[in-house]
Amino acid sequence: MNNNKPLLTISMLSCGREKTLRKCLDSIVPLMEKVPSELIIVDTGCDEETRAMMQVYTDQIIPFTWCDDFSKARNVGLEKARGEWFMYLDDDEWFLDTKEIEDFFLSGDYKNYFYACYIQRNYTTYNRQLYTDAWVSRLARLDTGIRFVSTIHEYFYPLRDPYKLLHSVVEHFGYIYASKEEERQHIKRNTVLLQKQMKKERDVIRWWIHLLQEYRAAEEFQQMQDLCREGIKHFRKFNDNVTNRDRGSFYCGLVEAQLLSAYYEQAEEEIKNALKDKRNTQMCQMRLYNLGSEAYFKQKKYKEAREYCEKYLEYYEILKDKEEERVEQEAFFVNNAFEPSGLFSTLCYYILSDLYLGETKAFEKHFWDFGWDSVLMLNKEFIREVVECMSKLPFEEVFVKAAKTMMSWKGLDEFWEKVQEIEKKSAVSSEKQEQFWHLARIISQVDIPNYYVWYTKILYNDHIDEAENLDECYRKMFQYVTDIFQLEDKVFEVARRRHIDLGSRFAEIPFDRWKLGIDTFFSNSSYEKIVERARVVEETFPQQITDEGMEARYQYFFMKTAEAKVVYGYSKDNFAALQECLRDFADKCLRFYQRYFKESAFSGEMEMLPPPCRAAVRFRDLLHAQTKEDRQQIGACLKAAVGVFGDFDPAVKAYTALYAAEEKAKLEAAQISPEMRALAAQIKDKIRALLAQGMVAESFQVLQQLKTFIPGDPEVAELEKEVSLRFS
């Protein structure tokens, strides 16, 4: 230990959170290197490995047996301190930057103050995107006789003015829990300690407010309301600065609990009552107007909501450059007024209320005040409601700029979701159809690399009969979407009606992207949709193809169409149709892959070929054996085809069953006597005669009798088809 008297003592409690402790210690190393300092760690339950790690940073490690009293633990470090100033922190927080603290001491400015505050940033998500900032008085001179007081939420006492605000930020993740159970246990422990503290010091308002915090964390909204009402009543006659500041926590906490419980009318009344209390701070009034804007908006009282938003913004302008005044007025539930969430929510309600009232003044003035670099702080429903309003109001240029802003933000899906929702409803509602065209007009004036923008431009240009731009719109859209065949039917309907040369657009797509899009489409589409898109491609098929790459595109698509038919579209009871289905796939598949593989690849184990192509070889061999009526080879081919490509196995099994049925029919037909054959021929002639006379029912009855004598007869099967057609 250095015997020179340090300027600053840094003390922390550690219970053994080694990972965060190391980050905490590393973050204060720059401060300790520049400002003469000592470090004291109060060990409340660390293991040997953690203590060994701590010894790298300091030799002042004081063991402490935990007794549910934070002040006792803090005072252990305070009593050992030798510095002129004392700073404390925990092992689950660390500084982002200590420069202002360093400058405070190195410049000698510390001599002019009795204590200082820095910013504790409390995160609610590990990705650091959601947080609240709070000023904490964690630095104080030791010659003022300060001590830590309170068993929980301990604090320096007494503190004397003046104080200094230092903008160094310490990150704190202690309010994020591994599980709900861990959070419940933490809240339960704090609640019990705070209730004990309240019994001892009922007139100390800070214990009421800390207990209120615990109820808020536990989402015990009814208990929040009860405690807030009790607090308002208990401290009604108190009129000191601290109580007048902290009383706002009860007013704002009560309203917040009601809003969270969707009691909007009750919240409205409580806000009106709270605003009558002239002892409230400006920040408390500001927060009440913020909460009031929500209460009125949720009741669709847009005029009143707008009025409250404007009053909030008046206070914001007064306080935004008065940091010390804001710090003096901070209280739990109240300081949300100046958090980004408070400002952003007010702006959301202001803009939307104005829009619902048919005005765009607030929209033009404040839409970009969000900065659009903290979109997660926005109410996501705000985006959807803005789109809804834009779809109902007359066109304005400012809507184009706003739409471009929302469209360009990566990961912000609400804009697109709402537009698509209105588009889908436009098919069944003339009102929604008109709304969609309003949005389409706005979107059509934006030029960004997004397929839906160009898709909308296609629909809008077709709607207003501006066909000359359509070809370029298709070209752009195909640049930004891989699975073009998954696009809406409207895209292809417009192309057909407007005679757009889709073949030329297909030719511009690199083959690897074309193939990827087709594979995705066929993997995720119904057979009916595949057949529909096949018709589209057939319509674009040029009479003569001279470009080898273009030919490969069409070959691949039609091969995949034939593959889909083998998987989904084959006839389960028509042997000839199934044979044709397998033949069509085998021909198209082999024609495509023979462009890229040597002939030797199509024999033996065929490891180099894709599984569907191996199956195509088996189908080719099967059909060849079928032509030769080589039963042994047919059996071998069917056996070899099973398992090559699992999607084809049902078709192979169906083929096996139909082939067996046909063979059985042939065998039974061969066993019929000449006399029976002659009789059957006469009956067939009779059926034809009955059909010629239009006696369909009679021919059907005779046919059913004939089938029992000569099952599987091809002529009988043809007659049955004809009778069925006559019936239909």
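On a predicted model such as this, the values are computed, not experimentally measured, just so you know.

### Side note on the overall build of the protein chain
Okay, so step 1: Each helix and strand in the protein chain was counted, giving 32 helices and ten strands.
Okay, so step 2: Principal axes of the C-alpha set define a box for the protein chain whose edges measure 125 × 65 × 55 Å.
Okay, so step 3: Looking at the protein chain as a whole, 50% of its 728 residues are labelled buried.
Okay, so step 4: Taking contacts inside the protein chain between residues at least 6 apart in sequence as the whole, the part at least 24 apart equals 67%.
Okay, so step 5: Accessible surface, the protein chain: about 36500 Å² in total, of which carbon and sulfur atoms supply 48%.
Okay, so step 6: Side chains of the protein chain give 101 positive and 121 negative charges; the mean places of these two sets differ by 2 Å.

### Quick look at helix α4 (residues 99–106)
Because an α-helix packs 3.6 residues into every turn, residues spaced three or four apart end up facing the same way.
Okay, so step 1: Residues of α4 that are buried: Ile101, Glu102, Phe104 and Phe105. Buried residues along α4 cover an arc of 160° about the axis, so they all sit on one side.
Okay, so step 2: Immediately beyond the C-terminal end of α4, within one or two residues, lies Gly108, with a positive phi of roughly 85°.

### Some words on the pattern of salt bridges
Okay, so step 1: With the rule as written, the count across this model stands at 59 salt bridges.
Okay, so step 2: Residue Asp109 is joined to Lys164 by a salt bridge in which the shortest nitrogen-to-oxygen separation is 3.4 Å. Taken together, the residues span a long stretch of sequence, with Asp109 in the loop between α4 and β6 (115–123) and Lys164 in strand β10 (residues 163–172) at a distance of 55 residues.
Okay, so step 3: For Arg202, the salt bridge is made with Glu230, and the minimal N-O distance between the two is 2.6 Å. Pair noted here: Arg202 is in the loop between α5 (180–200) and α6 (205–217) and Glu230 is in helix α7 (residues 221–234), with a separation of 28 residues, a long-range link.
Okay, so step 4: Among the residues examined, Arg202 registers a relative accessible area of 37% and is labelled partly exposed.

### Some details on the packing of helix α30 (residues 674–692) against helix α31 (residues 696–709)
Okay, so step 1: Between α30 and α31, the shortest axis-to-axis distance is 9 Å and the interhelical angle comes to 160°. By the angle between their axes, α30 is roughly antiparallel relative to α31. Considering how the two elements wind past one another, α30 and α31 form a crossing that is left-handed. For the pair formed by α30 and α31, the contact residues are Met676, Ala680, Ile683, Lys684, Ile687, Leu690 and Leu691 on the first element and Glu698, Ser699, Val702, Leu703, Leu706 and Phe709 on the second.
Okay, so step 2: Tallied by class, residues from the contact of α30 with α31 come to ten nonpolar, one polar and two charged.

### Quick word on helix α19 (residues 451–463)
Okay, so step 1: A rise of 1.5 Å per residue sets the reference length of α19, with its 13 residues, at 18 Å; its end C-alpha atoms lie 18 Å apart and thus fit the reference within 8%.
Okay, so step 2: Most of α19 is tucked away, with eleven of its 13 residues classed as buried.
Okay, so step 3: Of the positions making up α19, those classed as buried are Tyr452, Val453, Trp454, Tyr455, Thr456, Lys457, Ile458, Leu459, Tyr460, Asn461 and Asp462.
Okay, so step 4: The secondary structure elements touched by the buried residues of α19 are α16 (397–408), α17 (414–425), α18 (430–443), α20 (470–480) and α21 (489–497).
Okay, so step 5: Its side-chain oxygen at 2.8 Å from the backbone nitrogen of Tyr452, Asn450 defines the N-terminal cap of α19.
Okay, so step 6: Backbone geometry just downstream of α19 places Asp465 in the positive-phi region, at approximately 65°.

### Some details on the nonpolar core
Okay, so step 1: Ranked by internal contacts, the top residues of the largest apolar core, which has 179 residues, are Met406, Phe415, Tyr474, Met477, Phe485 and Phe619.
Okay, so step 2: In terms of residue count, the dominant contributor to this core is helix α25 (residues 548–569) (eleven residues).
Okay, so step 3: Residues within four places of Met477 in sequence aside, it is in contact with Tyr451, Trp454, Tyr455, Ile458, Leu487 and Val491.
Okay, so step 4: If you look at the next biggest cluster of nonpolar residues, it comprises 30 residues, including Leu21, Val35, Leu39 and Val170.

### Remarks on the sheet that holds strand β5 (residues 93–95)
What links the strands of a sheet is backbone hydrogen bonding, and the strands pair in either a parallel or an antiparallel sense.
Okay, so step 1: Strand order in this open sheet of eight strands is β3-β2-β1-β4-β7-β6-β10-β5, and the pairing throughout is mixed. A strand with exactly one partner marks an edge of an open sheet, and here the two such strands are β3 (61–63) and β5. The sheet shows a mean angle of 30° between the axes of neighbouring strands, direction not considered.
Okay, so step 2: With eight bridges joining them, β6 and strand β7 (residues 131–141) adopt antiparallel strand pairing. Counterpart to Gln120 in the pairing with β7 is Ala134.
Okay, so step 3: Across the face of the sheet, helix α3 (residues 70–80) comes into contact with β1 (8–14), β2 (37–43), β3 and β4 (85–90) while running at roughly 145° to β2.

Quick notes on the rules
Residues numbered from 1 in each chain as written. Predicted model: local features only at pLDDT ≥ 70, side-chain atom pairs only at ≥ 80, totals over all residues. Heavy atoms only, no water. Helix = DSSP H or I, 4+ residues; strand = E, 2+ residues; numbered from the N terminus. Buried < 20%, exposed > 50% of the residue type's maximum accessible area, 1.4 Å probe, protein only. Contact = heavy atoms within 4.5 Å. Areas by Shrake-Rupley, 256 points an atom, 1.4 Å probe, with all protein chains shown as cover. Lys, Arg positive; Asp, Glu negative; His and termini not counted. Charge placed at Lys NZ, Arg CZ, Asp CG, Glu CD. Arc of directions from axis to C-beta. Salt bridge = Lys/Arg side-chain N within 4 Å of Asp/Glu carboxyl O. Axes fitted to C-alpha atoms, helices over the stretch in contact; angles between N-to-C directions. Parallel < 35°, antiparallel > 145°, perpendicular 65-115°, else oblique. Left-handed = near helix turned anticlockwise from the far one by under 90°. Nonpolar A, V, L, I, M, F, W, Y, C, P; charged D, E, K, R; others polar. Expected span 1.5 Å × (residues − 1). Polar contact = N/O pair within 3.5 Å; in protein donor to acceptor, adjacent residues only side chain to side chain. Core = buried A, V, L, I, M, F, W, Y, C linked by side-chain atoms within 4.5 Å. Pairing = 2+ DSSP bridges.

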